[in-house]
Amino acid sequence: MTKKQFQAESKRLLEMMVNSIYSQKEIFLRELISNASDAIDKIYYKALTDDRLTFNQEDYYIKITPDKDNLTLTISDTGIGMTEEELEDNLGIIAKSGSLAFKNENEIKDGQDIIGQFGVGFYSAFMVADVVTVVTKALGSDKAYKWESQGTDGYTIEVGEKETVGTDIILKLKENTEDDSYDEFLEEYRLKTIVKKYSDFIRYPIKMDVIESKLKEGSEDEYEDIIEEQTINSMVPIWRKNKNELTDEDYENFYSEKRYGFDKPLKHIHISVDGAVRYQSILFIPEQIPYDYYSKEFEKGLELYSNGVLIMEKCADLLPDYFSFVKGMVDSEDLSLNISREILQHDRQLKLIAKNIKKKIKGQLLSLLKDDQDSYEKFYQSFGRQLKYGVYSDFGANKEDLQDLLMFYSSKEKKLVTLDEYVKRMPEDQKYIYYATGESYDRIEKLPQTEVVAEKGYEILYFTEEVDEFAIKMLVKYKDKEFKSVSSGDLGIEEEEEKKEVQEENKDLFEEMKKVLGDKVKDVRVSKRLKSHPVCISTEGEVSIEMEKIINSMPDNQNIKADKILEINPNHDVFQSLKDSFGKDNEKLELYTKLLYNQALLIEGLPIQDPVEFTNDMCKVMK
């Protein structure tokens with residue numbers, strides 16, 4: 001037996017890989033199980049072309065054996081094994097993959113993929129082990145060989161002892177340190193958890209001796225611990241089963257098992273694509289919003305598998321932000337993975353999958369809206385805000401995708417309606433889609449600005465969330481109908497001639513009132529919209545009063561002001577009082593003007609600049 005050195009490049013790669021390539025030490029088990037699965041696959045593929053071989057799937061498995069007394073963990077397989085030459089080639093040169101070479105030599109097509117193609121996964125064992133021993137016997141050989149290494153110092157190969165074809169990998173685990181507990185990888189629960197997380201859908205049984213507490217024979221209350229061999233992986237993933245065989249309960253159980261949420265999903269989407277890029281996926285639209293959904297802690301993304309092996313727990317690139325509430329997984333054989341099989345190379349395949357997934361989610365939501373509006377409204381109560389953020393973000397780049405999914409509370413229907421439903425009900429003479437903003441439906445209903453629009457019989461959409469108006473401003477129009485706030489300067493409703501006359505006749509009065517208010521308002525005018533209320537504020541320009549409130553409440557100390565117009569109802573008694581005081585009692589006119597302005601601010605939910613002055617002004621009126 002002679003000691004051999006790794007090639008210089010391999011030695012450097014081994015040092016780098018053990019220290020930095022893998023982000024989590026537990027990954028070593030995923031890699032060794034994947035290699036074991038490959039070894040069994042190789043027999044299967046050989047049997048396809050060699051009549052002398054038969055492949056009986058029940059005979060093939062992977063076994064995990066922890067030994068706490070000797071601090072060893074063994075991963076065994078009944079796969080093809082390795083000859084002395086293959087040990088030298090595959091384990092002596094890091095990043096030379098026997099799996100990749102086998103695939104090429106046997107002309108295995110894409111779609112009949114084997115997992116290990118990089119040749120580095122085996123060496124992840126050195127993250128947790130001081131010594132790695134491989135005992136293997138190749139198919140068709142009568143000799144077994146033993147490969148052993150303590151890491152970068154090199155390796156030895158000698159004749160070994162093994163009765164059956166296959167490979168045993170024995171890891172002598174490192175001693176525990178302050179930062180790392182290596183003996184955790186000998187604990188039954190920990191090993192089962194890692195297998196479930198990464199390798200649950202390996203197509204061959206992964207077996208382990210498990211301690212079970214069972215009732216003693218002949219006893220009613222006495223238990224004993226029994227060791228029994230169990231298969232700890234599921235093997236056949238639900239997404240590879242025929243959709244016709246699966247029930248809603250099967251999908252709900254999968255949702256629960258994968259801990260996607262504690263609720264029941266509203267809808268599931270089962271996708272199987274065999275085109276430019278092949279993948280399978282199960283997506284879920286949840287009913288309830290996660291408690292941390294709008295916090296920094298929430299992490300969007302789908303589970304990503306490659307050939308049934310978990311590559312990423314949260315692949316954010318598969319979902320647009322506005323569909324970040326979707327849970328589920330994607331499994332593809334066509335993904336370009338990096339050397340550690342942990343991080344995806346950003347390539348064409350991933351973009352194609354993401355594009356198709358986005359389309360499928362939108363289609364499912366539209367279908368839910370059309371066929372089961374009650375369920376859609378449940379979803380919308382939880383995630384409608386996210387769709388609106390999607391319309392607003394990226395400068396409206398996604399508005400075409402999302403506009404048909406939006407819903408708002410309707411003044412006529414007294415419930416949520418879609419923009420399409422609103423437009424279909426519009427009278428011929430209605431120019432705009434009208435909306436009003438406020439803290440609640442009740443508050444909006446009482447707004448003076450809604451009076452003339454409501455009197456015309458036009459439907460008004462009520463906006464109560466801070467994102468609503470920002471999203472609508474980005475949307476601009478829907479089906480060629482522009483959006484118009486009931487507080488905007490021009491409502492598109494024909495102005496009464498007599499109000500034009502009143503404005504002209506009293507322009508000096510309004511000019512004096514404007515002088516009293518200074519830069520607080522852009523103008524004072526006769527109102528076109530008020531019917532019973534004495535006063536209101538309207539706006540001109542892009543910034544509305546609601547937008548002013550929201551922007552100024554943000555922590556970056558912005559001071560944004562809407563261009564406010566103080567509107568006076570010429571048919572209200574208060575207007576006569578203004579006229580009576582003008583030119584006769586300027587002090588009274590100033591008092592009335594400031595009171596009316598502050599009343600208008602209160603109606604809008606805006607703060608009064610000087611509450612003490614306001615109360616004093618009220619007292620003056622009461623004297």
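Residue positions are given per chain, counting from 1 as you read along its sequence in written order. In view of the model being predicted, local features appear only for residues whose pLDDT reaches at least 70, and side-chain atom pairs are presented and counted only at 80 or more, with totals across whole chains, interfaces and linings using the full set of residues. Calculated side-chain values reflect all of the structure's heavy atoms, with hydrogen atoms and water omitted.

**With respect to unusual backbone geometry**
Inclusion rule: Secondary structure elements are taken from DSSP: a helix is a run of H or I of four residues or more, a strand is a run of E of two residues or more, and numbering for both begins at the N terminus. Categorising residues by exposure relies on relative accessible area from a 1.4 Å probe, with only protein chains included: less than 20% of the type maximum marks a residue as buried, more than 50% marks it as exposed, and the intermediate range marks it as partly exposed.
Positioned with a positive phi, Phe395 is a non-glycine residue whose angle comes to about 55°. As for its position among the elements, Phe395 is in the loop between helix 8 (373-392) and helix 9 (399-402). The exposure class assigned to Phe395 is exposed, which follows from its relative accessible area of 79%. In this model, Asp480 sits at a positive phi of 65°, which is unusual for a non-glycine residue. Along the chain, Asp480 turns up in the loop between strand 19 (477-478) and strand 20 (481-485).

**So, the nonpolar core**
As a rule of thumb, nonpolar side chains are buried together in soluble globular proteins. We count it as follows: Take the buried residues of types Ala, Val, Leu, Ile, Met, Phe, Trp, Tyr and Cys, join any two whose side-chain atoms come within 4.5 Å, and each joined set is a nonpolar core. We call two residues in contact when some of their heavy atoms are within 4.5 Å.
Judged by nonpolar contacts, the single largest core of 67 residues is most densely connected at Phe323, Ile357, Tyr376, Phe379, Leu387 and Tyr434. Setting aside anything within four residues of it in sequence, one finds Tyr376 in contact with Leu365, Leu368, Leu369, Leu387, Leu405 and Met407. Core analysis: the second largest hydrophobic core is formed by 61 residues, Ile40, Leu87, Phe126 and Val128 among them.

**Structural notes on helix 16 (residues 545-552)**
Taken across its eight residues, helix 16 has six buried, putting it largely inside the fold. Within the sequence span of helix 16, burial applies to Ile545, Glu546, Met547, Glu548, Ile550 and Ile551. Taken together, the buried residues of helix 16 touch strand 17 (433-437), helix 13 (468-475), strand 22 (535-540), strand 23 (563-568) and helix 18 (586-604).

**Re the side chain of Thr72**
Within the element layout of this structure, Thr72 appears in strand 3 (residues 72-77). Each residue touching Thr72, except ones within four places of it in the same chain, is listed here: Thr65, Pro66, Asp67, Ile170, Leu171, Lys172 and Leu186.

**As for the confidence of the model for the chain**
Convention followed: pLDDT runs from 0 to 100 and stands for how confident the predictor is about each residue.
Chain-level statistics for the chain give a pLDDT mean of 89 and a share of 91% at 70 or above. Taken together, the stretch residues 95-100 has pLDDT below 50 and engages in 20 contacts with residues farther than four places along the chain or on a different chain. Ignoring residues within four places in sequence, the model shows residues 110-118, a span with pLDDT below 50, making 41 contacts including any to other chains.

**Thoughts on the side chain of Asp77**
Our working rule: His is not counted, nor are the chain ends, whereas Lys and Arg count as positive and Asp and Glu as negative. The rule for a salt bridge is simple: a side-chain nitrogen of Lys or Arg has to be within 4 Å of a carboxyl oxygen of Asp or Glu. Polar contact criterion, stated in full: a pair of N or O atoms within 3.5 Å, where within protein one must be able to donate a hydrogen and the other to accept it, and residues adjacent in sequence count only if both atoms are side-chain atoms.
If you trace the backbone, Asp77 turns up in strand 3. Within the buried set, Asp77 has no salt-bridge partner at all; the shortest N-O distance to an opposite charge, 7.2 Å, is to Lys162. At 2.7 Å, the side chain of Asp77 forms a polar contact with the backbone nitrogen of Gly79. Look past the residues within four positions of Asp77 in its chain and what remains in contact with it is Ala36, Ala39, Tyr61, Ile62, Val165, Gly166 and Thr167.

**Comments concerning the sheet that holds strand 14 (residues 327-332)**
Basically, it comes down to this: A pair of strands counts as paired when DSSP detects no fewer than two bridges linking them. Between the N-to-C directions of two axes lies an angle of 0 to 180 degrees, each axis being a line fitted to C-alpha atoms and, for a helix, fitted only over the stretch in contact.
Pairing is mixed in the open sheet, where five strands are placed in the order 10-11-14-12-13. Each edge of the sheet is formed by a strand with only one pairing partner; in this case those strands are strand 10 (267-274) and strand 13 (309-315). The average angle at which neighbouring strand axes cross in this sheet is 15°, direction not considered. Where strand 12 (residues 302-306) meets strand 13, four bridges bridge the pair, whose relative direction is antiparallel. Across the sheet, the residue bridging to Leu304 is Met312, located in strand 13.

**Topic: the pattern of salt bridges**
Throughout the structure, instances matching the rule amount to 47 salt bridges. Put simply, Lys424 and Asp420 hold a salt bridge, and the shortest N to O gap is 3.1 Å. In this pair, Lys424 and Asp420 both sit in helix 10 (residues 419-425), four residues apart, roughly one turn of the helix. With relative accessibility at 21%, the residue Asp420 sits in the partly exposed group.

**Observations concerning a positive patch on the surface**
Rule in force here: Residues form patches when they are more than 30% accessible in relative terms and have no salt bridge. Like charges link within 9 Å. Nonpolar side chains (Val, Leu, Ile, Met, Phe, Trp, Tyr) link within 5 Å. Accessibility throughout is a Shrake-Rupley quantity obtained with a 1.4 Å probe, and a residue counts as covered only by protein chains that appear here. One atom stands in for each charge, and that atom is NZ of Lys, CZ of Arg, CG of Asp or CD of Glu.
A cluster of basic residues, Lys243, Lys355, Lys359 and Lys360, forms a positive patch on the protein surface. Mapping Lys355 onto the fold places it in helix 7 (residues 348-371). A residue is classified by how much of its surface remains accessible, and Lys355, at 60% relative accessible area, is exposed.

**A look at the sheet that holds strand 19**
On the basis of which strands lie adjacent, the open sheet formed by six strands has the order 16-15-18-17-20-19 and mixed pairing. Edge positions in the open sheet fall to strand 16 (416-418) and strand 19, since each of these has one partner strand only. Sheet topology note: the strand 17/strand 18 (residues 460-463) ladder contains four bridges and is parallel. In the sheet register, Tyr435 faces strand 18, and the bridge partner there is Leu461. Relative to strand 15 (residues 407-410), helix 8 is tilted by about 110°, and along the sheet it contacts strand 15 and strand 16.

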